[in-house]
Amino acid sequence: MSDCLFCKIAAGEIPADIVLETDDILAFRDIDPQAPTHVLVIPRQHFDNVSDLTRDDKDLAARVLSATAEVAQLETLERGYRVVTNVGSDGGQSVRHVHFHVLGGRGLTWPPG
Ligand code: AMP
C-alpha cells in the first residue's frame with residue numbers, strides 16, 4: 001500500500017533500525033520504545049492487522065511468529081518477554097500494517113491498560 005508507513009519501511013524508503021531481515025519479514029526497533037527491548041516484527045506484505053490473516057497465510061504467519069522468537073534470542077531476553085499485536089482503535093492500533101511488538105528487558109505488568 002503506497003501510503004502505509006510500514007510498507008515504506010519494508011521497501012527501504014523510510015529508514016529503520018533493523019534487527020532481522022528475510023525475504024518476507026522485517027524486524028526493526030520501535031521509534032518510541034516502551035521497554036529496554038522493543039522491536040516490531042512485520043511481514044513485508046501488507047495486511048491491515050492480524051484479523052486479515054487467513055488460513056491461506058498460515059505459512060507466512062508461522063514465519064512471523066517464529067521471527068518474534070528469533071528476535072527474543074538475538075536480544076538475549078532469556079528472562080522472558082511479551083509478544084503483542086494490537087487490532088483496531090479499541091485495541092490501541094496506531095499503524096495499520098500488521099505488526100507484533102516484542103517487549104522485554106524489564107518486568108512487564110499485567111493487565112495492560
Ligand atoms: P501500534 O500502536 O500497536 O499500532 O504500534 C505502532 C508502533 O509503531 C508504535 O509503538 C510506534 O511507536 C511505532 N512506530 C511508529 N512510527 C515508527 C517508525 N517510523 N519506526 C519505528 N517504529 C515506529
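Heads up: the structure comes first, above all this text.
An account of the accompanying structure is given in this report. Nothing here was measured: the structure is a model prediction, and the numbers come from that model. (Residues numbered from 1 in each chain as written. Predicted model: local features only at pLDDT ≥ 70, side-chain atom pairs only at ≥ 80, totals over all residues. Heavy atoms only, no water.)

### Regarding the pattern of salt bridges
Close approach of charged atoms allows side chains with opposite charge to pair.
Link 1 in the chain: Applying the stated criterion across every chain, the model contains five salt bridges.
Link 2 in the chain: Here Arg63 ties to Asp24 by a salt bridge, and the two come within 2.7 Å at their closest N and O atoms. Remark: Asp24 occurs in the loop between strand S1 (18-21) and strand S2 (25-29) and Arg63 occurs in helix H2 (residues 58-74); sequence separation between them is 39 residues.
Link 3 in the chain: A salt bridge links Glu75 to Arg29; the shortest N-O distance between them is 2.9 Å. One end of the pair, Glu75, is in the loop between H2 and strand S4 (81-84); the other, Arg29, is in strand S2, with 46 residues separating them in the sequence.
Link 4 in the chain: For Arg29, a relative accessible area of 32% gives the class partly exposed.
Link 5 in the chain: Three or more residues joined by partner-sharing salt bridges are found here, namely Asp17, Arg29 and Glu75. (Salt bridge = Lys/Arg side-chain N within 4 Å of Asp/Glu carboxyl O. Helix = DSSP H or I, 4+ residues; strand = E, 2+ residues; numbered from the N terminus. Buried < 20%, exposed > 50% of the residue type's maximum accessible area, 1.4 Å probe, protein only.)

Any link to function would need more than the numbers given here.
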